[in-house]
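Now for the letters of each chain:
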Amino acid sequence: MTNTDERSQRYIYMTQTPVPKLILKLSVPTIISMLVTGIYNSADTFFVGKISTEATAAVGIVFSVMAIIQAIGFMCGQGSGNYLARMLGANDNKQANEVASTGFALSLIIGTIIAVVGIFLVEPVSHLLGATETTLADTKNYMRIILIGAPFMTGQFVINNQLRFQGSAVYAMFGLLAGAVANIALDPLFIFVFDLGVSGAALATVSGQIISFIVLMIGSKQGVNIHIKFKNIRINKHYIFEIINGGIPSLFRQGLAALATIMLNKIAGEYGGDAAIAGMSVATRTLMLVSSALIGFGQGYQPVCSFNYGANLKKRVKEGYFFCLKYGTLFLIVVATGCFVFAPQIVSYFRDDPDVIAIGSKALRFQAVTLPLMSGIVMTNMMLQSIGAGIKASISSSARSGIFFIPLLFAFSSLFGLTGVECAQAAADVCSMVLAIPFAYSELKKMNDN
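Residues numbered from 1 in each chain as written. Predicted model: local features only at pLDDT ≥ 70, side-chain atom pairs only at ≥ 80, totals over all residues. Heavy atoms only, no water.

Caption draft 1: Focus on empty space enclosed by the protein. All told, the structure shown has 3 cavities of 30 Å³ or more when counted by the stated rule. What the largest cavity holds in volume is close to 870 Å³. Ala257, Met288, Ser291, Ile295 and Arg400 are, among the 37 residues lining the largest cavity, the residues nearest its centre. Of all elements in the fold, only α2 (19-48), α3 (53-89), α10 (237-310), α14 (374-386), α15 (390-403) and α17 (418-449) reach the threshold of two or more residues within the lining of the largest cavity. The element contributing the most residues to the lining of the largest cavity is α10, with 14 residues. Taken together, the residues that form the lining of the largest cavity break down as 18 nonpolar, 16 polar and 3 charged. Here the second largest cavity defines a volume of roughly 60 Å³. If you trace the second largest cavity, you find it lined by Gly60, Phe63, Thr261, Leu264, Asn265, Met280, Ser281, Thr284 and Arg285. Looking at the lining of the second largest cavity, the elements with two or more residues in it are α3 and α10. (1 Å grid on protein atoms, 1.4 Å probe; cavity = no way out; pocket = protein on both sides within 12 Å on 5 of 7 lines; lining within 4 Å. Points joined across faces, edges and corners; volume = space filled by probe spheres on them. Helix = DSSP H or I, 4+ residues; strand = E, 2+ residues; numbered from the N terminus. Nonpolar A, V, L, I, M, F, W, Y, C, P; charged D, E, K, R; others polar.)

Caption draft 2: Spatial organisation of a nonpolar patch on the surface. Taken together, the side chains of Ile51, Leu189, Phe192, Val193, Phe194, Leu196 and Leu203 define a hydrophobic patch exposed on the protein surface, amounting to about 590 Å² of accessible area. Take the nonpolar patch: its biggest share by element is 3 residues, from helix α8 (residues 169-193). Its location among the elements puts Leu189 in helix α8. Judged by its relative accessible area of 31%, Leu189 is partly exposed. (Patch = residues over 30% accessible without salt bridge, like charges linked within 9 Å, V, L, I, M, F, W, Y side chains within 5 Å. Areas by Shrake-Rupley, 256 points an atom, 1.4 Å probe, with all protein chains shown as cover. Salt bridge = Lys/Arg side-chain N within 4 Å of Asp/Glu carboxyl O. Buried < 20%, exposed > 50% of the residue type's maximum accessible area, 1.4 Å probe, protein only.)

Caption draft 3: Seen up close, the packing of aromatic side chains. Applying the stated criterion across every chain yields a total of 10 aromatic pairs. Here the aromatic rings of Phe74 and Phe157 are separated by 4.9 Å at their centres, their planes lie at 35°, and the arrangement is tilted. Here the residue Phe74 occupies a position in helix α3, and Phe157 occupies one in helix α7 (residues 150-165), the gap between them amounting to 83 residues. Given the relative accessible area of 7%, Phe74 is considered buried. (Phe/Tyr/Trp six-rings, centres within 6.5 Å; stacked < 30°, edge-to-face > 60°.)

Caption draft 4: Quick look at the pattern of salt bridges. Tallying each qualifying case throughout the model produces 8 salt bridges. Note that Glu98 is salt-bridged to Lys94, the shortest N-O span being 2.9 Å. One end of the pair, Glu98, and the other, Lys94, are both in helix α4 (residues 93-120), 4 residues apart, so they sit about a helical turn from each other. Among the residues examined, Lys94 registers a relative accessible area of 56% and is labelled exposed. The partner of Glu422 in a salt bridge is Lys362, and the shortest N-O contact between them spans 3.6 Å. In this pair, Glu422 is assigned in helix α17 and Lys362 in helix α13 (residues 354-370), connecting sequence segments 60 residues apart. On the basis of relative accessible area, Lys362 is assigned to the partly exposed category, the value being 36%. Here the residues in one salt-bridge network are Lys94, Glu98 and Arg234, joined through shared partners.

Dropping the structure here:
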């Protein structure tokens, strides 16, 4: 079978397969990918938690740096992937090939700049992120090594997203799975057997990222997947605009999440010291792992949305949105109930410190109450981003961790102290859902009109 025949079959598959069946088929590997990513993001917290509260806090502090690096990777990957899928839906393979290579090259350039600047300024950056005198050494040791892997991290997220938007979610899943397994296996080896402490945790993480990068590169060269080629790189205004327009909501979403984590660590440290930083870090990581399954489900919808929007099949875009909204909400109700009931046990799994458990459990319960609202927030944002509604997508993606959370964090902490820190995210979720409703309605109404 020729590549042309295979591309024709993919077009038929993406535009004619019943929407629920198509989303479920594409979302299973993305859910696994996101859960795996969440697990290996939490692996360092788990293993480092066996060392000390200070080490646990240090990993939580550096997580904001990792979130920024991931945000760059997702911006380039989601931006190029969104446009790539729309071009494939419109049968424009030339632009699809060029935006794929351009997005990848851009991510490597930015990742390298972050690595060089970050390593050079590691101490002032550590202080800026909220490191205390007791956590500074661990923070610097962990961050230096994490920054070395920045270009691999940004590059792997670009390839992963581009594979998903082409409908090749299985290749994307195996790429992340390979790195996660390596990270989880190497963590105890480096930390305890080689006695490298937090540096060992960082080495395990970077090793996993390099392995993911290599496996994903191999996957991108299989079948009719678009191959990353140097000759196809076009760093010009057209492609930069499309990458930013489609990807900046991801940058805002994850970049502001990183900024929110920095603010959270600094304010939590002021009101409760290292135990508060560690407790909030554990609660945040736990909810991130839970939400990763929802995001994976939504990422199964994204290629369906982009491809069919590009093919002018708006009814299928709407059908997919409501399907994901309904079942995402039901899933989160079940998970939120479990998190609320078993909060102390969940937190103690990461760090068996009474102060950490008390703070982390309270924060986890507050967030569990509003967790079901995330389905509407996430699915609306993914729909807006996938159809190219860049401004609305950017605003909605900024809401949960930025527009609402940061002001509420300052206001609530000044009014209620540590309790205000613990409940700020729940309040931000309510506000974000209120914002998402009119955004979703306006775009879905346009699809009715067309």
